[in-house]
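Structural overview
Residues per chain, in single letters:
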Amino acid sequence: NAGVTQTPKFRILKIGQSMTLQCTQDMNHNYMYWYRQDPGMGLKLIYYSVGAGITDKGEVPNGYNVSRSTTEDFPLRLELAAPSQTSVYFCASSNPQGSGANVLTFGAGSRLTVL
Amino acid sequence: GNSVTQMEGPVTLSEEAFLTINCTYTATGYPSLFWYVQYPGEGLQLLLKATKADDKGSNKGFEATYRKETTSFHLEKGSVQVSDSAVYFCALWSGGSARQLTFGSGTQLTVLP
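About the criteria used
Residues numbered from 1 in each chain as written. Chains lettered and ligands numbered in written order. Predicted model: local features only at pLDDT ≥ 70, side-chain atom pairs only at ≥ 80, totals over all residues. Heavy atoms only, no water. Pairing = 2+ DSSP bridges. Helix = DSSP H or I, 4+ residues; strand = E, 2+ residues; numbered from the N terminus. Axes fitted to C-alpha atoms, helices over the stretch in contact; angles between N-to-C directions. 1 Å grid on protein atoms, 1.4 Å probe; cavity = no way out; pocket = protein on both sides within 12 Å on 5 of 7 lines; lining within 4 Å. Points joined across faces, edges and corners; volume = space filled by probe spheres on them.

1. With respect to the sheet that holds strand β1 (residues 4–7) of chain A
All names here are of chain A.
- Pairing is antiparallel across the open sheet formed by 4 strands, whose spatial order is β1-β3-β8-β7. Across the chains shown, the open sheet's two edge strands, defined by having one partner strand only, are β1 and β7 (64–66). Neighbouring strand axes in the sheet, compared pairwise and without regard to direction, differ in orientation by 20 degrees on average.
- One ladder, built from 3 bridges, connects β7 with strand β8 (residues 76–78); its direction is antiparallel. Residue pairing in the sheet places tyrosine 64 in a bridge with leucine 78 of β8.

Encoded structure:
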């Protein structure tokens, strides 16, 4: 049972480059999220999705895009990378109902540095 | 809006010491409350939760009681171990929209042998 898998674990980008962080989950969860975690700070929600074909902005969406074509996958796209996007990115998933309702399962994180 | 305020860290304790990490919240309605733990190099994982007032969540020797009168959900453990060294996050879910999971800033705990 893999849970939530993120790739890559580490990446260094130059300013202006683009990349996609991949996230896949095998728990058939409806809800998926992308958070960023800056040093000494809590997690900030970037985007979330309540099901395939449905996405919505979180607290800090600028500079990012997402898509949700399947239940399993929720990639995060960074366009024109900026130093302010240097952070650790976490993908998470959950189900809104049942005994595990609203409990998030997190991936191991992707550390991104923009130079 | 919703907010979670956690005790500032870092916290350093000796093995077998008593641990308290304070957490207070502001929310509308009746939120569910959570403690997540992040071990070095890993993602967050659920430690315990409580879904209504006076509920006590517990796991791995950690406990927290949902106190509506003081809007608090303090994390406690009677005897910490070196393996408890991690960052601890308090969080709340106020229901409704999926985006309503709010995290505190995290508290770094280091336990020395």
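2. Quick notes on the layout of surface pockets
- Here the largest pocket defines a volume of roughly 660 Å³.
- Around the largest pocket sit 32 residues that line it, and Gln37, Val88, Phe90 and Arg111 of chain A together with Gln38 of chain B are the ones nearest its centre.
- Looking at the lining of the largest pocket, the elements that each hand over two or more residues are β9 (87–94) and β11 (110–114) of chain A together with β10 (86–93) and β12 (107–112) of chain B.
- The greatest single-element share of the lining of the largest pocket, amounting to 4 residues, is contributed by β11 of chain A.

Geometry only, nothing functional implied.
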